[in-house]
Amino acid sequence: VLVYLAWNYFKTGVLPYQSHVELPPYQSQAGQPREKPKLPPGALQGETKMQDLTLATRRPPAVSIVVLIFILNIIAAVLNWVVMVYQLGLLGAPDPLGALQAAWQTDQGPIQLVQIVIDVVLILIIIAATIGLYRLRRRAWTLAMLLLGFGLAVNLLNFLRDDPAYLLMLVRVIAVILLDQEPVRFAFGKKVGGYE
Amino acid sequence: MSEQKPTRVLSDYDLLRRYEPILRFTQGEIFFPTDIDRYVHQCSLWISHADGTEERLLAEGAVTLDELARPRDLEGGAVLYLRFVDPPSLSKAARRAMKEGGLTGRARRRGWTPGQARLARVGYLARVVDALFTLTLMARGKVPGAVAAIAEEESRAIDAQGEKYVYYGRVFRDSGWIGLQYWYFYRYDDWRTAFEGVNDHEADWETIFVFLYEDTDGTLRPRWAVFSCHDFTGDDLRRRWDDRAQLALVGDHPIAYIGAGSHAAYYRPGEYLIESEIPPLRRVAPIWSWFRNFWGRTIQRGARVTTAGQNLFAIPFVEYARGDGLSLGPGQDKAWEAVLLDPPPSWLADFRGLWGLYARDPIGGENAPAGPMYNRDGTPRGSWYDPLGYAGLDKVPTPPDEIKRLERELTEITQRQQELETHISARMDELHDLGAKRSAMDGFPNLQRDSQQLDERIQTLSVEVRNLRHEWSQNEALLSALAHRLEKRRSGQDDPPHAHINVMQEPTAPEEIRFARLTELWSAVSIGLLLVVFVLLSIFMPHRLLIGLAALVAAFVLIESIFRGRFSETVRVVTLVLALIALLLLVYTFFWQIIIGALLIGGLYLIWDNVREALAGGGTRKPNGQPPSTKPSA
């Protein structure tokens, strides 16, 4: 993430928290003032300003970073899920129902099976949040913050249990900071997170 | 505004009548400003001794205003008080009232309808404080619930002999202001039992001021109205006479909207969300205020800051000042009877006791008040002895006086400027002389001691000149401000009418909440439910109490936010707090690594930046082939 931030800064000279809508500066060519760049209709008329720009134009770099983090999170969660399913002997079993019954009868089986189901739901939610973030949907912002808050709460609990996951904690903190930037909140809609 | 007469034409009584306020009450109100004679005659006089025993000094019917004023020897800690509702009638009437359908709901039966539930308008912490306050009512003294019902009954019995709507007024002159003070006596304050308010107490004294000044042509002009409102004092209480947005007038009579049950006065009709501060929590409030500002301005940049429920350590109450009930005053439903308190009668000056039941409430809200001149503890009441200070007018001159003062200030400062210029010029002369002399001493070691003394003298003079110039400069700015103000005043321009107000009390619109009835129900039960679930958790899950409690609070907060349509905002705040904690943990855990990393990055950045500058400048030549210009030496 840090490398991406640095690369983005060197490339564009814009930090994620800075305004991402960069209009070309007025330049004088052969002593003639350059024509004012044309914005989409209604682009500077209050509420409709952001909506009239294309998704790619109004998606702040910070959102792209968070989407990247979420994609990595999905990959990790899917891999973890596959490993769990494999450990229970469900992966590639000729008789899936039989394997399921066998797994259920082991000591930790029921808990693991419930966790598998929960993980599937969580993965689907994260996927939904990621797609929503990419498409700048207001509810996705709230969902992403909710997921991050939940994840941070789990991180803090694990820290208290002497089982800290510092890297995960750091990534989530960065994601929260990025999502809380004013341009980001603005891009997701005026009322997100109480922004006015 | 009607034509004003010269001061000398109007007597104090006439002045009071000319500007007497109109009081508009809320539907359901039963206690109105009335005379004290019949009230006192209905009361018994009691003394509460320091050891807790109570003694009746005079029975009902034996108390007169002269009797009140009679000097009595009291031991320290004793409290003298009247009692409108006697204990024997209390138990009897309570039984009767219970048979007739309970003690509560009296105001509703009189046509009052409550607005949106007060707890639904505020957050959790305020509800917790409210719950604590409600619990304290069990422990501390309070006026028994039946008293209000009996007081209502007795009050009706008195009014049956003839209704009287009375105010007691006085006129005082102080620092150019002519103050008209109107005192209103109510037999009972049934705010808590009838209108879901903070307290109940026997007897109530409320006041309203009108401040006038004498203009240069000798006419009297009203300038300010001041309505008493709970324990508030100072500038915020005051409204300017020409402030039509805030002060309604009928002719020369200001209109006050009276809070149902509490009898506090408001400038505009409506429902007010007020905060009743709890004395022990007053010290916590500034800390919370600081945190709130820090959060709002630093962390939650650009966040909406609401005015309602700002002080979380105060109890929120809704004050109903709708003005849809009886209206008292000139040309209204009922007219006033005026009583001039000049000279102050003996009952006013000599009776320092309470005008109703002493409920032994340590906070004081349930104890009856003392008379207009005194506080409950017998000390002088500010609104009587220092009315200008009470209204925040002690620093405000009358408009004609202000012009005179501005002119005088201008003259004085202009003179001072001339003096300063003379001083500065003289000292500058001296400094130049010394400077020349000092320069001549250079290169003569035999004059070293003299030159050192000269240096000290030069230093002292320099400081003196600097201070004089600073004063001159400040005075110039002040002169400019004074001249600007004087010009405005002379041309008749006034300040904005709300310029003196810090916190404007405004009627609150009902909070925009979803599922209104469900939310009101939730706000009513949430704190109690939280307490019950906490107890259940501690019984059935003692080993996970902390986590369970955290989850419980989080769930309650989220439910509340859904009701209020602030789910997104709540999620954001909670997540930010968690991120902040996680960040602090990370910094704490990796403190030295972070320092080393920061230094490394800083060093690398410096190298990169300097190299880039060197490469970019690279040349010793400008693009057009000219050699670079010589930089001036440092």
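The model shown is predicted, which means the values in this text are computed figures rather than measured ones.

Conventions we followed
- Residues numbered from 1 in each chain as written.
- Chains lettered and ligands numbered in written order.
- Predicted model: local features only at pLDDT ≥ 70, side-chain atom pairs only at ≥ 80, totals over all residues.
- Heavy atoms only, no water.
- Axes fitted to C-alpha atoms, helices over the stretch in contact; angles between N-to-C directions.
- Helix = DSSP H or I, 4+ residues; strand = E, 2+ residues; numbered from the N terminus.
- Parallel < 35°, antiparallel > 145°, perpendicular 65-115°, else oblique.
- Left-handed = near helix turned anticlockwise from the far one by under 90°.
- Contact = heavy atoms within 4.5 Å.
- Nonpolar A, V, L, I, M, F, W, Y, C, P; charged D, E, K, R; others polar.
- pLDDT = per-residue confidence, 0-100.
- Core = buried A, V, L, I, M, F, W, Y, C linked by side-chain atoms within 4.5 Å.
- Buried < 20%, exposed > 50% of the residue type's maximum accessible area, 1.4 Å probe, protein only.
- Pairing = 2+ DSSP bridges.

## Let's talk about the packing of helix α7 (residues 166-179) of chain A against helix α17 (residues 567-589) of chain B
- α17(B) packs onto α7(A) with a crossing angle of 135° between their chain directions and a minimal axis gap of 9 Å. With respect to each other, α7(A) and α17(B) are oriented oblique. Relative to α17(B), the crossing made by α7(A) is left-handed. Across the interface between the two elements, A:Tyr166, A:Met169, A:Leu170, A:Val173 and A:Val176 of α7(A) pack against B:Thr575, B:Leu576, B:Ala579, B:Ala582, B:Leu583, B:Leu586 and B:Thr589 of α17(B).
- Class assignment for the residues of the contact of α7(A) with α17(B) results in ten nonpolar, two polar and no charged.

## Focus on the confidence of the model for chain A
Residues and elements named next belong to chain A.
- Taken as a whole, chain A shows an average pLDDT of 76; of its residues, 67% reach a score of 70 or greater.
- Per-residue pLDDT, averaged within each element of chain A, yields its smallest value for strand β1 (residues 28-29) (44) and its largest for α7 (93).
- Here residues 18-31 is modelled with pLDDT under 50, and outside its nearest four sequence neighbours on either side it reaches 24 contacts, counting other chains as well.
- Confidence over residues 42-50 falls short of pLDDT 50; this stretch has 13 contacts with residues more than four positions distant or in other chains.

## What to know about the nonpolar core
Residue and element names in this part refer to chain B.
- Among the nonpolar cores identified, the biggest contains 45 residues, and Tyr39, Leu68, Leu82, Trp347 and Trp355 are the most heavily contacted of them.
- Considering every element that reaches this core, the biggest residue donor is helix α7 (residues 145-160), with six residues.
- Beyond its immediate sequence surroundings of up to four residues, Leu68 is in contact with Val40, Leu45, Val63, Leu82, Phe351 and Trp355.

## Observations concerning the sheet that holds strand β3 (residues 54-58) of chain B
All names here are of chain B.
- In spatial order, the strands read β3-β2-β4; together these three strands make up an open sheet with antiparallel pairing. Each edge of the open sheet is held by one strand with a lone partner, namely β3 and β4 (79-83). Taking each pair of neighbouring strands and ignoring which way they run, the sheet shows an average axis angle of 30°.
- Relative to β4, strand β2 (residues 44-48) runs antiparallel, the two being bridged by five bridges. The partner of Trp46 across the bridge, within β4, is Tyr81.

## Brief notes about the packing of helix α3 (residues 61-87) of chain A against α7(A)
Residues and elements named next belong to chain A.
- Where α3 contacts α7, the axes come no closer than 9 Å and their chain directions differ by 150°. One finds that α3 runs roughly antiparallel with respect to α7. α3 and α7 meet at a crossing whose hand is left-handed. Residue-level inspection shows Ala62, Ile65, Val66 and Ile69 of α3 in contact with α7, the latter providing Val171, Ala175, Leu178 and Leu179.
- Its residues placed into classes, the contact of α3 with α7 shows eight nonpolar, no polar and no charged.

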